[in-house]
Amino acid sequence: MENNLYKQANAAEKPAPRRWSASAALAMLLGMLFALSGMAQAQTGTTLTGKISDKQGALPGASVVEKGTSNGTTTDTDGKFTIQLADGAKTITVSSVGYVAQDVDVTNKSSIEVTLVEDQKTLNEVVVIGYGSLTKREVSSAITHLGASDLLRVGSNNPLMSIQGKVAGLSITNTSAADPNSSPNIQLRGASSRSAGLGPLYVINGIPGGNIDNINQNEIESIDVLKGGAASAIYGTRGSNGVIVITTKKGSEQSRLFYDGYTTFDYKTNQLDVLSRDQFLQNKRGVDFGGNTDWMKAVSRTPAFSQKHTLQFSGGNGKTNYFSSIDFRDAKGIDLRAGKKEYGGRVNINHTTANNLFALTFSVAPRYAKTSEADYSGFNYALTLNPTLSVRDSTGKYAYINSGFFANNPVEQAKSVIRGEEIKFLDVNGSAKWNILENLNTTVTFGEVTRSARAQRFVPSNITPVINGNGRNTAYQALNENDQKSLEWLGNYFLDVNKHSIKLLAGYSYQLFTSSGFDASNEKFPSDVLTYNGLGTGLWNLEKGINNVGSYKNSSKLIAFFGRVNYDFDQKYYFSASLRREGSSKFGYDNKWGYFPAASVAWRVTQESFLKNVPWLNELKVRADYGQTGNQDFDPYKSLDTYGGYGYYPFNGNSYQVWGPNQNTNYDLRWEKAINFNAGLDFELFSNKVSGSVNYYVRTNKDLLGSYNVSNPPNIQGQTFANVGTMRNTGVELQLSATVVNKGAFSYNLGLTGAWNNNQFVSFSNNLYRGQPYVDVVGMPAPGSPGTLQRLQEGTRIGSFYALKSAGVNESGALLVYKKNGEVVPANEANNDDKQFVGNGLPKFTMGMTNSFKYKNWDLSVFLRGTFGYKLFNTYAFYLGTPAAQENANVLTSAYDGGKYSKLTSTTTYSSLSDYFLEPGGFLKVDNVTLSYTQSLKTKFMQSVRIYATTRNLATFTKFKGGDPDLINVNGLYPGVRTNSDNNGTLDYYPSSTQLLLGLQLTF
């Protein structure tokens, strides 16, 4: 039942409901912003003149602002300024990018001269690395650091969506962002494995394997992305796909209470257009049932409404501080069923003893979520259902037909079927540090990360598909629990002698992973009242003599010893080397342990005498690193002899379970190995107004894990899970930031990321397993027998489309293609031997651009994101976009709009895969726009108030005709085509949305 926003009890007449639109909500917010801006009163008074310089002379473009106000100006080309101060003004603030800001007393002064000092803060910025931290100047590997202020404001389910497009080489995609239960797909520097996982390792507050779903974006202090092999090799068998280190906020001596709350409104955008009722009948697509239904509208919420509230309080003293956060989120999807309510919190406590001998930390973060799963099939039905069919028939019951592409009533399905989860998270960690000497300390850290998810499903007996089908209601429950326990010891030693500096690290790590669960289902319940809570009352299992109950439990261990040395000479030459020896219980008997070495060097060229006097060059650092990493992200017991059930057989009136070996044992199973090389340079120019980095990388992944066909016999099974194959990724990354304008109260800052990536599947074979040099993948579903769409082949990029090459359309509306010998024939006369490589779905270039404007108390951020140089397969045009599509089903307007797809009228070539349906996938999005106003308040109750509005996915510029190109994944092994969990083609569809977010922040 939907909640009404407004209720009026005991009234004779109810007011007309107020409809919220994006324009109305935004107009209201802007009105509030301007009202707040009116609180700042302009003042006039004395005139102050002056000159601002640095050690080299006059400093143009420096900012001069009356402290505590927005009254300001900038210096001219000679470093001079004039400003009208308010009566009684005592202090001005002088600042410029790359310099330390100064407060200057101007009491009874009419003229001043100020010399600014260069700011070394950017070089001293702390970057978190594996098991420690370094200043930015000391980093010799490829690492991208983001602070809390760098994160995008997004009303999403996952905090990492806030860095989408912010880190060069880090691809974050979500093919159903408007579903509050969806999770993004995250990939760093291209695909790196076949079957052992492609996502990075998350390290949260120092605990490897942290739960990214148990973090509120407002709790994040910083995110560090370890991209270079030398940076991630310290994590050994889990570092191949990169490492994302997340640090949450801590308390300080200043007491603070902070509230952040926002509401979001999601509106469908870039929709697939289908025939209207009149167009459907005009083109004789099916029977006229007399109705007129916009099925896409019928299965959608418009808009989908969500809200989130966060309350944080922190404080302490010089020895003890705390940070606490609680949050609540209630989110709805744009389909009729999706929803998520979650409650979470976090407490971080830090304490240092009076003599600084011991430092203790403790953190606990619980979270509870109740979800209702999205009904993805509802949009499939909406695309194909007859628009002359009403949602309900003349008797008030849900209308239902058995003919058509999808036979169902999606409104009934969404409102009647229960599918959801109850999820509980608990993250606990703590550490004890002993400062033995000023330059020697040791730390013990413990952590536990747990997740428990109970799935609940119920299909009642009174819905039309059940009544017209088997008549049985069905119920299902499953409980899946995951637990990770960690214990780590670290020892650190520091030594500075004259121009030499050395840091030594030694450590031990132990982690235990345990997964367990059970599931049960039944049918034919006497009542629908108990839903999934009365599984034992169902008669179906008893009548059929089956139990429909299952359970499992497995565990694995990781043990590691590691060390690292960091050395620098005169803050000019830097060297780092590390070695990790790690053992995993997942590997074969002879391959339990492995070594993961790494080394990196850096040279701060600007510290040399021949560059010290170059005025426009503030920092130039050249670096290179090498590291070996691993990947063991696969199920345990793959290297062991295991047995499983093969059903039951009756004997003498009893049923007996059949057991036998259920896999080919591979005693040689080992981790995937990645050999990483990275070369780069970091720079700061023009008084630090321009800064950035460039990286070139080569990553070769060897011994790829996957299932390979083997002869049977002598093998028990037809496939063996083994280390076979090699893949290579190369690329160039650019990270750039610049202060374009900084004059008085106005500033404009630009941030730019760009990444070029090239992939090659080098080999499918090794000395033990030799087979064909390719495998055909991505099988496309019925109707018809389209076959596979892509091929993984040695020497080619992943995402290579392997299909027939089109040659146009003949006069009878049949698709023409080229045969292998060049002959042009109708597509139904070609075969698999005539297929060829016709395009690629892996983007060549990705970019992000942040434009940040500030004027007095106003802030405007415009973020653009783009992906270029690849093809997408228009699955919906292939199945639903031509006149040849299945009868009695609605189709896309492209079938009759006079375009290329409307020419395919012949059913003989309907299921022939060809590049006729490949389209340019490149796009540029106005992805995130945020406007805010901040007002400082001089009251004892409140320090400041900030009101903001954000729009996400505001506009998309693309040549792709199949909806939003972001709905098709470009990560993983099968980029460029919509796939399901089995990596086969699918018609699953969840529209994209434009999101309007209205928020308020209060600081007390």
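Up top is the structure these notes are about.
Residues numbered from 1 in each chain as written. Predicted model: local features only at pLDDT ≥ 70, side-chain atom pairs only at ≥ 80, totals over all residues. Heavy atoms only, no water.

Caption draft 1: Structural detail: the overall build of the protein chain. From N to C terminus, the protein chain includes 10 helices and 52 strands. Based on the C-alpha atoms only, the size of the protein chain along its principal axes is roughly 95 × 80 × 65 Å. Taken across its 1004 residues, the protein chain has 51% of its residues classed as buried. The long-range share in the protein chain, meaning contacts at least 24 apart out of those at least 6 apart in sequence, stands at 69%. Surface exposure of the protein chain reaches about 44,600 Å², of which carbon and sulfur atoms provide 53%. The protein chain carries 95 positive and 81 negative side-chain charges, and their two centres are separated by 1 Å. (Helix = DSSP H or I, 4+ residues; strand = E, 2+ residues; numbered from the N terminus. Buried < 20%, exposed > 50% of the residue type's maximum accessible area, 1.4 Å probe, protein only. Contact = heavy atoms within 4.5 Å. Areas by Shrake-Rupley, 256 points an atom, 1.4 Å probe, with all protein chains shown as cover. Lys, Arg positive; Asp, Glu negative; His and termini not counted. Charge placed at Lys NZ, Arg CZ, Asp CG, Glu CD.)

Caption draft 2: Molecular detail of a nonpolar patch on the surface. Taken together, the side chains of L257, L311, F313, Y322, I326, I349, F362, V444, F446, L487, W489 and F1004 present a nonpolar region at the surface, about 970 Å² in accessible area. Sorting the residues of the nonpolar patch by element identifies β19 (304-316), β20 (320-332), β24 (440-459) and β25 (474-497) as the ones contributing at least two each. Relative to the helices and strands, F1004 is located in the segment after β52 (992-1003). (Patch = residues over 30% accessible without salt bridge, like charges linked within 9 Å, V, L, I, M, F, W, Y side chains within 5 Å. Salt bridge = Lys/Arg side-chain N within 4 Å of Asp/Glu carboxyl O.)

Caption draft 3: Fine view of the sheet that holds strand β6 (residues 91-95). Reading across the sheet, the four strands line up as β4-β3-β6-β7 and stay open at both edges, with antiparallel pairing between neighbours. The sheet is open, and its two borders are formed by β4 (72-74) and β7 (102-105), each paired with just one other strand. Averaged over all neighbouring strand pairs, the angle between strand axes comes to 25 degrees, with direction disregarded. Here β6 pairs with β7 via four bridges, running antiparallel. Pairing of T91 across the sheet is with D105, part of β7. (Pairing = 2+ DSSP bridges. Axes fitted to C-alpha atoms, helices over the stretch in contact; angles between N-to-C directions.)

Caption draft 4: Representation of the side chain of R153. Note that R153 resides in the loop between β11 (143-147) and β12 (170-173). Side-chain polar atoms of R153 contact the side chain of D260, separated by 3.5 Å. Once residues lying within four places of it in the same chain are set aside, the contact partners of R153 are Q217, N218, D260, Y262, N928, T930, Y948, T950, L997 and Q1001. (Polar contact = N/O pair within 3.5 Å; in protein donor to acceptor, adjacent residues only side chain to side chain.)

Caption draft 5: Summary view of the nonpolar core. Core analysis: the largest hydrophobic core is formed by 69 residues, its most contacted members being M780, L789, I798, F873, Y876, F917 and Y989. Going through the elements one at a time, α5 (295-298), α6 (376-384), α7 (410-416), β39 (774-780), β40 (787-793), β41 (800-803), β43 (815-818) and α10 (875-880) are the ones with two or more residues in this core. The element best represented in this core is α10, accounting for five residues. Apart from the residues lying within four places of it in its own chain, the contact partners of F873 are M780, L789, F801, F878, L913, S914, F917, L918, I968, G976 and V977. (Core = buried A, V, L, I, M, F, W, Y, C linked by side-chain atoms within 4.5 Å.)

Caption draft 6: Inspection of the pattern of salt bridges at higher detail. Evaluation of the coordinates by the stated rule reveals 35 salt bridges. A salt bridge links R346 to E219, with the nearest nitrogen and oxygen atoms 2.8 Å apart. With a gap of 127 residues between them, R346 in strand β21 (residues 339-352) and E219 in the loop between β15 (207-208) and β16 (220-226) connect regions that are remote in the sequence. Accessibility classification places R346 together with E219 in one group, the buried group. Ionic pairing is found between R329 and E342, a salt bridge with its closest N-O pair at 3.4 Å. Residue R329 is found in strand β20, and its partner E342 is found in strand β21; the two are separated by 13 residues along the sequence. Of the two residues, R329 and E342, neither departs from the other in class, the shared state being buried. The network of salt bridges with common partners includes D327, R329, E342 and R367.

Caption draft 7: Highlighting the pairing of strand β34 (residues 690-702). Where burial is concerned, most of β34 is hidden: 10 out of the 13 residues are buried. Hairpin remark: strand β33 (residues 672-685) followed by β34, antiparallel, with four residues in the connecting loop; positive phi at F686, about 50 degrees. Of the strand pairs in this sheet, β34 and strand β37 (residues 726-743) are connected by 13 bridges, and their pairing is antiparallel. Along β37, the bridge assignment pairs S693 with Q735.

Read these as geometric descriptors, not functional statements.
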